[in-house]
Amino acid sequence: QVQLVESGGGLVQAGGSLRLSCAASGNIFYINTMGWYRQAPGKQRELVAIISSGDITNYSDSVKGRFTISRDNAKNTVYLQMNSLKPEDTAVYYCNIYTGGSHYWGQGTQVTVSS
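Residues numbered from 1 in each chain as written. Predicted model: local features only at pLDDT ≥ 70, side-chain atom pairs only at ≥ 80, totals over all residues. Heavy atoms only, no water.

(A) Representation of the pattern of salt bridges in the model. Applying the stated rule across the entire model yields four salt bridges. Taking the shortest distance from any N to any O, the salt bridge between Arg38 and Glu46 comes out at 2.7 Å. The class for Arg38 is buried, based on a relative accessible area of 6%. When its relative accessible area of 35% is taken as the criterion, Glu46 is described as partly exposed. As a salt-bridge pair, Asp89 and Arg66 come within 2.8 Å of each other at their nearest N and O atoms. Separated by 23 residues along the polypeptide, Asp89 in the loop between strand 8 (77–82) and strand 9 (91–99) and Arg66 in the loop between strand 6 (57–59) and strand 7 (67–72) bring together distant segments of the chain. Neither Asp89 nor Arg66 differs from the other in exposure class; each is buried. Here the residues in one salt-bridge network are Arg38, Glu46, Arg66 and Asp89, joined through shared partners. (Salt bridge = Lys/Arg side-chain N within 4 Å of Asp/Glu carboxyl O. Buried < 20%, exposed > 50% of the residue type's maximum accessible area, 1.4 Å probe, protein only. Helix = DSSP H or I, 4+ residues; strand = E, 2+ residues; numbered from the N terminus.)

(B) Here's a closer look at the sheet that holds strand 7. Strand order in this open sheet of four strands is 1-3-8-7, and the pairing throughout is antiparallel. Where the open sheet ends on each side, the last strands, each with one partner, are strand 1 (2–7) and strand 7. Across the sheet, the mean angle from the axis of one strand to that of its neighbour is 15 degrees, orientation sign disregarded. Examined bridge by bridge, strand 3 (residues 18–26) and strand 8 share six bridges and lie antiparallel to one another. (Pairing = 2+ DSSP bridges. Axes fitted to C-alpha atoms, helices over the stretch in contact; angles between N-to-C directions.)

Below you can see the structure in the form of structure tokens.
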């Protein structure tokens with residue numbers, strides 16, 4: 001089994017920053033892709049950013065230039081540095097990893113950006 005534990009969410013004013021972390025543990029030999037998704041109230045879950053095992057990154061257009069995804073393979077951890085936050089970034093953020101032929105999700109962490 002694989003467990004994901006997220007941290008770093010909270011309440012921040014517009015223009016502020018937050019850093020999310022997601023640590024994976026359990027029966028892990030190799031993690032392929034790691035990513036962050038978010039779901040706002042009444043909306044579908046959407047991809048925010050993803051990073052491959054070779055550190056190739058991809059971002060949604062709405063966060064390009066403001067968010068940075070990174071990973072620490074020694075710690076099986078993925079990070080999301082969020083700068084210049086906007087009220088429309090308010091959502092529950094979920095991490096996701098692809099390992100051993102399966103996807104695993106974190107429990108989600110709330111990010112609220114006030115105007």
